Amino acid sequence: MALKARALYNFQSENKEEISIQENEELVIFSENSLDGWLQGQNSRGETGLFPASYVEILRSRSGSSYTDYTVSPVGSPGHDSFYTASPNPGISYQGSFEDDDDDDWDDWDDACTVVEEPQRAPGTNGHPSPSLQYPSAYGRQQHAGYHPKPALERQDSMSSSKRGSVVGRNLNRFSCFVRSGVEAFILGDVPLMSKIAEAYCIEMGSKGPQWRPNPHPFICSVEDPTKQTKFKGIKSYISYKLTPSNINSPVYRRYKHFDWLYNRLLHKFTVISVPHLPEKQATGRFEEDFIEKRKRRLILWMDHMTSHPVLSQYEGFQHFLSCRDEKQWKLGKRRAEKDEMVGASFLLTIQIPTEHQDLQDVEDRVDAFKAFSKKMDDSVLQLTNVASELVRKHVGGFRKEFHKLGNAFQAISHSFHMDPPYSLDALNNAISHTGKTYETVGEMFAEQPKNDLFLMLDTLSLYQGLLSNFPDIIHLQKGAFAKVKESQRMSDEGRMDQEEADGIRKRCRVVGFALQAEMNHFHERRVADFKRMMQSYLKQQIIFYQRVSQQLEKTLRMYDNL
């Protein structure tokens, strides 16, 4: 039965089986049962095809069950294509699906393991954790089979609740990213202080403001040799990638589902960091050479951003992903990452900030400027993506076709000159015929050229589309924190809150503010390096290309010199 749905995000189709959808576009879903994370339906333009299930929500009448939101479907439990139903009670939240059952080995070293398809990735708004990934705060939650309950949290502040006056009001929208990320709980002091915090991430004051302290042991990691492998005597096929970290120089082999598991752990843990998006999945043609090559290129860029980030590169789960070669140790490390308590709002407890004073209004102005910049850059990146994509299409189709037509026309002229032998000049006829063949060759060169320049440009732009899409939610966290500071100070001035509690809220807001500014600075640092490399590579390849075209034409021109 056809169902109505709404698109949560933009999706650009990349093959004939898929269709493009736009954010907030009304859709028709032919069946709500997804296939490997994809749904089939029709967009508002009447196009029929596939699109990611995690990009839509199915709309239902209020009298029926709540809408199905595929963005909160289980991603950590392999093989599950089921979905959550959002609770009609806005005070109820959900524990994420990263708490895998203990009997789920989820390994690739044992051919006897259960067949597991690539798990569906389920980012929330702009790539940040959906309600299923939220920090399990004191608001309570609905228990779900297979998930392990966590103890109720106590407030950070030493002052007991019995000594408090009126507390700062909580957001009524329990599904806003400020609430479900746990940052509201952190700001209000509802995140418990750990007796011992094993990890620490430092922010320092640099020439352009707060910045993450660099990784003391920097490294890079290559992504090479995508290889098709099989299991169960050929029944199950998948692509593995060879990863070689420079600090270990010992390769490991990972499937896309391993990358997907790591990506979801990153989203779950690093609330205030813009985690680079993984390359998109594809419903069909997963083993086609062009798709495999494209995914490898984009995984290389993704890995480059991961290893260059001062915080993400030091994450224990990432190091385990890059180094573990033993089956038993893999399972232990995976479980350890999934039971990590310093995630979401608790991750903010691991951040050490400078003692320098920052005026909150100055910080807010700086964030507003970055917000306007990121919006403009996002629009510009989309514009360049569309132009470059159209140019690729012309290279492969239009330009090639036109040069072939020109070449055929020249050869037709040459053939006509052979029609009257007494007046036929073989040297001229051959030169004109060769000119036609030269332009056919030039057409093929145009068709192949995007692999050398435009593809790299589109890969970089795709990565930045993902990074930029993360910032609205991160900025919203900081805006929510500022609002709590202003509200707490007003209540303190009115005598409805102790100044000590208001100061605690301000102090915790400083952590969020410093973290966002450090992330903004890292983004700009990477942006300069990446776009410099992208533009240099594009121009160099363009010069090489037109030099090759020029050489072909000059060689042909010389055939006319001695006629």
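All values reported here derive from a predicted model rather than from experimental measurement.

Thresholds applied
- Residues numbered from 1 in each chain as written.
- Predicted model: local features only at pLDDT ≥ 70, side-chain atom pairs only at ≥ 80, totals over all residues.
- Heavy atoms only, no water.
- Pairing = 2+ DSSP bridges.
- Helix = DSSP H or I, 4+ residues; strand = E, 2+ residues; numbered from the N terminus.
- Contact = heavy atoms within 4.5 Å.
- Axes fitted to C-alpha atoms, helices over the stretch in contact; angles between N-to-C directions.
- Parallel < 35°, antiparallel > 145°, perpendicular 65-115°, else oblique.
- Nonpolar A, V, L, I, M, F, W, Y, C, P; charged D, E, K, R; others polar.
- Buried < 20%, exposed > 50% of the residue type's maximum accessible area, 1.4 Å probe, protein only.

Student: What is the right way to read the sheet that holds strand 10 (residues 209-212) from this model?
Tutor: Spatially, the three strands line up as an open sheet ordered 10-9-14, and their pairing is mixed. Strands at the two margins of the open sheet, each flanked by one partner only, are strand 10 and strand 14 (351-352). Here four bridges tie strand 9 (residues 201-206) to strand 10, and the two strands are oriented antiparallel to one another. Its bridge partner being in strand 10, M205 is matched across the sheet by P210. Across the face of the sheet, helix 10 (residues 499-557) comes into contact with strand 9, strand 10 and strand 14 while running at roughly 80° to strand 10.

Student: Where do I start with the pairing of strand 9 in this structure?
Tutor: Along a regular strand, successive side chains alternate from one face of the sheet to the other. Bridge analysis of strand 9 against strand 14 gives two bridges, and the strand direction is parallel. Its bridge partner being in strand 14, Y201 is matched across the sheet by I351. Hairpin connection, strand 9 to strand 10: the antiparallel pair is bridged by two residues.

Student: Which parts of the structure should I look at to understand the packing of helix 7 (residues 360-417) against helix 8 (residues 426-448)?
Tutor: When two helices pack together, their arrangement is given by the angle between the helix axes and the distance between those axes. As a packed pair, helix 7 and helix 8 sit with axes 8 Å apart at the nearest point and diverge in direction by 170°. One element, helix 7, and the other, helix 8, form an angle in the roughly antiparallel class. In terms of residue class, the contact of helix 7 with helix 8 is made up of 13 nonpolar, 11 polar and four charged.

Student: Where do I start with unusual backbone geometry in this structure?
Tutor: Excluding glycine, most residues fall at negative phi; most peptide bonds, likewise, are trans. Of note, N24 is a non-glycine position whose phi angle comes to about 70°, a positive value. Relative to the elements of secondary structure, N24 occurs in the loop between strand 1 (3-7) and strand 2 (26-29). With relative accessibility at 48%, the residue N24 sits in the partly exposed group. The backbone of D225 sits at a positive phi, close to 50°, despite the residue not being glycine.

Student: Whenever I open this one, the pairing of strand 13 (residues 252-255) confuses me. Can you help?
Tutor: Two strands pair when backbone bridges link them, and strand 12 (residues 236-245) and strand 13 are joined in this way by four bridges, in the antiparallel orientation. Bridge assignment links S240 to a residue of strand 13, and that residue is R255. The antiparallel hairpin formed by strand 12 and strand 13 contains six residues in its connecting segment, where N249 sits at a positive phi of about 60°.

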